[in-house]
Amino acid sequence: MLLLLLLQVSASCLWLGRSEVVTSFESSCPQFFFRETPPNEALEPESPAWICQRYKNQYYFATLYDRSRRIPVYSAYLYQPGPGTRPKTWLVEPQLMGPTYPKTMEREWTLLNYFNVSLEQLSKSQAILKDYKNLTGLNRGHLNPSGHQPDSSSRTATFTLTNIVPQDEKLNGGAWNNYEQQTMIRRTQGCNTTYVVVGAVPGNNYIAKGRVNKPSYIWSSACCEVDTNHRKAWGVIAENDKNEVQLLTLGELEDVLTQLYGRDQVSLFDSDCPRE
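Residues numbered from 1 in each chain as written. Predicted model: local features only at pLDDT ≥ 70, side-chain atom pairs only at ≥ 80, totals over all residues. Heavy atoms only, no water.

As recorded in an unreviewed UniProt entry, the protein goes by ENDD1 protein and comes from Himantopus himantopus.

Given below as structure tokens:
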């Protein structure tokens, strides 16, 4: 047991120079954004955390996390669907507690038993498994879905609670699933690289005794590189209490989000992605 602890501590120390919760995506994990350009500041919450989602010492996607609402604002990734089974183990982000904790996502059990972390301490920084227990009419809804990832490790990395929102179960298993599994396949025909940003608009309702926000809308956007001179883009949005997905141009989605957030004009991708 002691040997295991020493190995885990030494492994995390090897990565002290590359923390998971970072100061900006541009400097730490820009590869998940088209032209290395993340969405602009119009979506940023009051208490943001920029997470380069790392599992087994490799970055797999990027998440802007809302610390106070305990949900992701968005997750950004490359669309690379592959065969494989759906993971079952849920992970959390130790770095949200502070820079002295492991730099890679871990199981709650590991943190509680090997890193002297209390559940109360963990729950102050993020959503925990208990928050999503006994949900009625809601699922743990992935922003970056495991089915859009190419292998076992990348699929496992999506099973972090920092990539999850309370999503209407009919929407999650119905129209949203159809978009993820069918529409995306059709839309990405001919694409060499497809950059995806999926997000959640905060709502007025909460689960877990007010701890975790239930988003009012779920949205997704994609920018596809056909070749060096040609790109295509699109977006979708869904109210989080209806089993219905609305297909939009990228520009239309950005305008809708601008209205919903009521701040500056939202920009999800570099200007070279077509808005029409």
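Picking up where we left off.
Draft legend 1. The arrangement of the overall build of the protein in detail. Within the protein, the regular secondary structure consists of eight helices and 12 strands. Taking 19 Å as the expected radius of gyration for a compact globule of 276 residues, we find that the protein reaches 18 Å, a close match to that expectation. Once the C-alpha set of the protein is aligned to its principal axes, its extents read approximately 60 × 40 × 35 Å. By residue count, 54% of the 276 residues in the protein fall in the buried class. In the protein, the proportion of contacts linking residues at least 24 apart, taken out of those at least 6 apart, comes to 64%. Entry remark: accessible area of the protein is about 12800 Å², with carbon and sulfur atoms responsible for 47%. When the 27 positive and 28 negative side-chain charges of the protein are each reduced to one mean point, those points stand 9 Å apart. (Helix = DSSP H or I, 4+ residues; strand = E, 2+ residues; numbered from the N terminus. Rg over C-alpha atoms; globule rule 2.2 N^0.38 Å. Buried < 20%, exposed > 50% of the residue type's maximum accessible area, 1.4 Å probe, protein only. Contact = heavy atoms within 4.5 Å. Areas by Shrake-Rupley, 256 points an atom, 1.4 Å probe, with all protein chains shown as cover. Lys, Arg positive; Asp, Glu negative; His and termini not counted. Charge placed at Lys NZ, Arg CZ, Asp CG, Glu CD.)

Draft legend 2. Highlighting the sheet that holds strand 10 (residues 217–227). Taking strand neighbours across the sheet as the criterion, the eight strands line up as 1-2-3-4-7-10-11-12 in an open arrangement whose pairing is antiparallel. Only two strands of the sheet have a single neighbouring strand rather than two, namely strand 1 (21–22) and strand 12 (246–248). One ladder, built from two bridges, connects strand 1 with strand 2 (residues 48–55); its direction is antiparallel. Residue V21 lies in a different strand from strand 2, and its bridge partner there is I51. (Pairing = 2+ DSSP bridges.)

Draft legend 3. Expanded view of the UniProt feature "domain: ENPP1-3/EXOG-like endonuclease/phosphodiesterase" (unreviewed entry) in the protein. Here, UniProt's "domain: ENPP1-3/EXOG-like endonuclease/phosphodiesterase" (unreviewed entry) annotation points to residues 58–268. For residues 58–268, the end-to-end C-alpha separation is 25 Å, with 24% helix and 31% strand making up the annotated structure. (UniProt positions renumbered as here; feature names shortened; annotations may be inferred.)

Draft legend 4. Highlighting the pairing of strand 3 (residues 58–66). The buried count for strand 3 comes to eight of nine residues, which makes it a mostly enclosed element. Bridging between strand 2 and strand 3 involves eight bridges; their strand directions are antiparallel. Note that in strand 3 the partner of Q53 across the bridge is F61. Linking strand 2 back to strand 3 in an antiparallel pair, the connection comprises two residues, with K56 at a positive phi of about 50°. Between the end of strand 3 and the start of strand 4 (residues 71–78), which pair antiparallel, lie four residues, with R70 showing a positive phi angle near 60°.

Draft legend 5. How the structure looks around helix 8 (residues 250–261). Across its 12 residues, helix 8 extends 16 Å between first and last C-alpha, which sits within 8% of the 16 Å expected from 1.5 Å per residue. Regarding helix 8, the residues found buried are L250, G251, L253, E254, L257, T258 and Y261. Buried positions in helix 8, seen along its axis, are confined to an arc of 160° and lie on one side of it. Lining the buried residues of helix 8 we find strand 4, strand 7 (193–201), strand 10, strand 11 (230–239) and strand 12. Just beyond helix 8, the residue with positive phi is G262, at close to 65°. (Expected span 1.5 Å × (residues − 1). Arc of directions from axis to C-beta.)

Draft legend 6. Expanded view of the side chain of T158. Among the structural elements, T158 can be located in the loop between helix 5 (152–157) and strand 6 (164–168). Accessibility expressed as a relative area gives 0% for T158, which makes it buried. Contact partners of T158, with chain neighbours within four places excluded, come to F61, H142, N144, P145, S146, Q149 and N163.

Draft legend 7. Quick peek at the pattern of salt bridges. Summed over all chains, the structure comprises six salt bridges. As a salt-bridge pair, R275 and E254 come within 2.8 Å of each other at their nearest N and O atoms. Within this pair, whereas R275 is found in the segment after helix 8, its partner E254 is found in helix 8, the two being separated by 21 residues in sequence. Side by side, R275 and E254 carry an identical accessibility label, which is buried. (Salt bridge = Lys/Arg side-chain N within 4 Å of Asp/Glu carboxyl O.)

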